[in-house]
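Report on the structure
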Amino acid sequence: MPNVKSERSKMTSQVQALYDFMGEPNTTEMSIVSGEILTLINTEIGEGWWEGKNSKGETGLFPAAYVRKLTPEESVQTKSAPAAPAPPRYDQAADSWGDVEFSAGDSNFQRGASHEDGWDDDWDDDTYSEIGPSQQQSKTQYNQQLTPLPGMPISEYSAHTEETASNYSSTVGTVRKSKFAPSSKVSGESYLLATLNVEVPDSEKVYIVQEEDRYEWWPITHPYTVTVASPKKESKFKGIKSYIAYQLTPSFNNIQVSRRYKHFDWLHERLQEKFTLIPIPPLPDKQISGRYDEQLIERRRVQLQEFVDWMCRHPVLSKCEVWQHFLTCTDEKRWKAGKRQAERDNLLGLNYCISIVVPEKALLQSQVDHITEQCHMFINSMDTSVKSVTNMCIVQTKRFQGPYKADCQKVGEAFCSLAASLSLDEGSLASTSKLTTAIKMTGSAYIDIGRMYDDQPKYDWDPLGDKFHLYKGVVGGFPDTLNTHKSAVQKKRECERLTAEGKMEVAQLNEVLRRTDVISYALLAEVNHFKSERTKDLNATMQKFLRQQVHFYKKIVEKLETTLRYYDE
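If you're wondering where the values come from, they're calculated on a predicted model, not measured in any experiment.

Cut-off values and rules
Residues numbered from 1 in each chain as written. Predicted model: local features only at pLDDT ≥ 70, side-chain atom pairs only at ≥ 80, totals over all residues. Heavy atoms only, no water. Helix = DSSP H or I, 4+ residues; strand = E, 2+ residues; numbered from the N terminus. Buried < 20%, exposed > 50% of the residue type's maximum accessible area, 1.4 Å probe, protein only. Contact = heavy atoms within 4.5 Å. Areas by Shrake-Rupley, 256 points an atom, 1.4 Å probe, with all protein chains shown as cover. Core = buried A, V, L, I, M, F, W, Y, C linked by side-chain atoms within 4.5 Å. Phe/Tyr/Trp six-rings, centres within 6.5 Å; stacked < 30°, edge-to-face > 60°. Lys NZ or Arg CZ within 6 Å of the ring centre and 35° of its normal. pLDDT = per-residue confidence, 0-100. Salt bridge = Lys/Arg side-chain N within 4 Å of Asp/Glu carboxyl O. Pairing = 2+ DSSP bridges. Axes fitted to C-alpha atoms, helices over the stretch in contact; angles between N-to-C directions.

Observations regarding the overall build of the protein chain
Counting its regular elements, the protein chain contains 14 helices and 13 strands. Burial analysis of the protein chain (569 residues in total) assigns 46% to the buried set. Here the analysis covers contacts within the protein chain between residues at least 6 apart in sequence; of these, 72% occur between residues at least 24 apart. If you sum the accessible surface of the protein chain, you get close to 29500 Å²; carbon and sulfur atoms cover 51% of it.

Have a look at this one:
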């Protein structure tokens with residue numbers, strides 16, 4: 001009887017595809033189909049990619065999260081497992097700082113969808129190097145548990161992933177701390193109750209001043225701009241992995257730095273953790289396919305420029321340390337050191353208020369409540385309006401490049417057909433020949449107008465949509481800001497009750513009241529900044545949009561007027 005164990009040990013490791021994956025054309029990626037059996041060649045590629053060979057003998061790279069390893073018994077039987085549930089969204093590679101991402105309002109996890117350009121590169125360090133063996137083991141078990149079982153229903157799969165995530169969080173709660181500092185939600189109480197004492201240098205303090213009847217951030221003393229330009233495709237691992245790099249040039253030093261989308265994503269996470277009282281502008285939406293399409297790359301560059309412009313104009317964000325590090329660092333060692341420093345920042349969330357210096361005047365809670373209620377109503381209305389305008393821009397772009405273009409071309413083709421018919425019976429009359437020419441020119445004019453409709457959105461509707469994409473993100477961040485403030489006020493009232501019951505010292509309550517005022521001052525300053533910024537910004541945006549519209553329709557009128565002259569001749 002043959003030694004089955006020995007035979008199995010000689011077998012090449014095999015995996016089964018859980019989901020369909022379409023490899024990017026002209027790359028080393030390989031398309032796979034759900035249920036397909038692949039032979040593993042190399043699992044050391046990195047960034048969540050494996051190399052394998054299919055039944056046709058084709059070799060290539062595919063996402064490790066899209067397959068599951070077969071047991072020796074399954075490899076012997078070579079049976080295809082039932083189809084798996086719909087695949088989680090996947091761009092290119094799993095985040096080296098966490099293989100799973102949960103999105104708000106979605107119980108289904110998104111695995112490895114954080115960065116379409118990949119995550120690890122020469123400028124990234126191994127965050128998990130500080131994790132103990134037991135935690136590494138728990139992380140490995142967690143990743144294995146996330147693999148759906150063959151034939152598992154989607155509802156059961158969702159519950160399975162939620163339970164697994166919960167167990168992992170309780171088992172290795174310290175793992176996340178190697179990447180993030182303590183949650184800003186926890187830091188709120190530590191700030192109000194003064195349990196965190198950190199000395200902030202004068203150079204890093206942020207001031208709020210009173211201007212007439214409103215409170216504002218101390219204005220920017222040295223304004224600057226940053227240009228996002230020259231997106232280009234680059235590669236690493238000897239061409240195995242490709243990505244798009246954007247060149248950023250600050251006006252204060254004119255030294256260009258190269259940043260990928262994943263670097264922007266890292267920065268965005270840091271800003272959101274640190275500034276819970278300041279809505280952070282959004283990044284371009286992440287893409288699953290078409291990552292190297294020229295139009296998509298340019299559209300992302302424009303939206304990254306909107307993000308950068310907003311950062312530069314904000315009195316607080318424009319001078320924060322992590323943003324300056326992002327803009328100026330060109331050295332690999334300093335980049336890593338700056339990343340670690342930002343990720344271990346203690347002044348996150350409401351703890352950042354330690355840095356804020358406010359007027360000594362105490363605020364009336366009734367006035368603050370009135371302003372925050374007005375802001376809440378405005379944000380709800382603005383959120384609906386901004387989304388409506390954003391959707392309208394998308395619809396108009398599709399109409400310009402679809403029905404409007406097609407209708408003009410159909411009109412043009414109809415007139416050209418008429419001219420062709422007339423030319424068959426021109427005879428010797430010169431007037432008939434001129435009429436035929438005029439009608440033919442009319443047809444050509446409408447075909448040209450159709451092309452103009454197809455080309456126009458990049459001058460008006462797309463820029464308008466990009467601007468309101470920015471406002472959709474900023475406005476969408478205000479509810480969290482208002483809720484953070486509301487929680488602080490509720491904590492203050494709880495402390496007032498405890499003091500009345502003799503359970504808290506008056507001196508401690510006074511400190512809580514002072515710190516709650518700091519939070520209120522910060523909220524009022526941010527609300528006023530947003531009001532001032534949107535007034536100037538939207539005014540300029542609408543002027544630019546309407547000028548482009550006027551210019552476009554003037555070109556159409558000029559085209560038709562030129563055609564009309566053919567009939568006068």
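Things to note about the nonpolar core
Nonpolar side chains in soluble globular proteins tend to end up buried together. Counting residues in hydrophobic clusters, the biggest one holds 53 residues, and the most contacted among them are Phe307 and Trp323. If sequence neighbours within four positions are ignored, Phe307 has contacts with Phe264, Leu267, His268, Leu271, Ile280, Pro281, Pro282, Leu283, Trp323 and Leu470. If you look at the next biggest cluster of nonpolar residues, it comprises 27 residues, including Cys375, Met382, Phe552 and Ile556.

Some points on the packing of aromatic side chains
According to the stated counting rule, one finds 25 aromatic pairs in the structure shown. Aromatic side chains Trp266 and Trp335 sit 5.8 Å apart centroid to centroid with 50 degrees between the ring planes, which places their arrangement in the tilted category. Of this pair, Trp266 sits in helix H7 (residues 261-274) while Trp335 sits in helix H10 (residues 332-343); the two residues are 69 residues apart in sequence, bridging distant segments of the chain. Pairing Phe400 with Trp461 gives two aromatic rings, centres 6.4 Å apart and planes at 70 degrees, and the pair type is edge-to-face. Residue Phe400 is found in helix H11 (residues 365-423), and its partner Trp461 is found in helix H13 (residues 461-500); the two are separated by 61 residues along the sequence. With relative accessibility at 9%, the residue Trp461 sits in the buried group. In this structure an aromatic cluster arises from ring pairing among Phe400, Tyr404, Tyr453, Trp461, Phe545, Phe552 and Tyr553. Taking the ring centre of Tyr261 as reference, the NZ or CZ of Arg300 above it sits at 4.2 Å.

Considerations on the confidence of the model for the protein chain
Per-residue confidence for the protein chain averages 79 on the pLDDT scale, and 75% of its residues sit at or above 70. For residues 1-11, every residue scores under 50 in pLDDT, and the model assigns this stretch five contacts once sequence neighbours within four places are set aside. Counting interchain partners and residues more than four positions distant, the pLDDT-below-50 stretch residues 79-186 has 219 contacts.

Quick word on the pattern of salt bridges
Applying the stated rule across the entire model yields 25 salt bridges. Here Arg451 and Asp448 are joined by a salt bridge, their closest N and O atoms 2.6 Å apart. With a gap of three residues between them, Arg451 and Asp448 both fall in helix H12 (residues 430-455), about one helical turn apart. Look at Asp448 and you get partly exposed, because its relative accessible area is 28%.

A closer look at the pairing of strand S9 (residues 214-217)
Judged from the four bridges that link them, strand S8 (residues 206-211) and S9 form a sheet pairing that is antiparallel. Its bridge partner being in S9, Glu211 is matched across the sheet by Arg214. Linkage of S8 to S9, two consecutive antiparallel strands, is achieved through a turn of two residues, within which Glu212 is found at a positive phi near 60 degrees.

Focus: the sheet that holds strand S2 (residues 37-46)
With antiparallel pairing, five strands are arranged side by side in an open sheet as S4-S3-S2-S1-S5. Two strands close off the open sheet at either side, each with one partner strand: strand S4 (59-63) and strand S5 (67-69). Going from strand to strand, the sheet's axes swing by 45 degrees on average, the running direction of each strand aside. Bridge analysis of S2 against strand S3 (residues 49-53) gives four bridges, and the strand direction is antiparallel. Paired with Asn42 across the strands is Glu51, a residue of S3.

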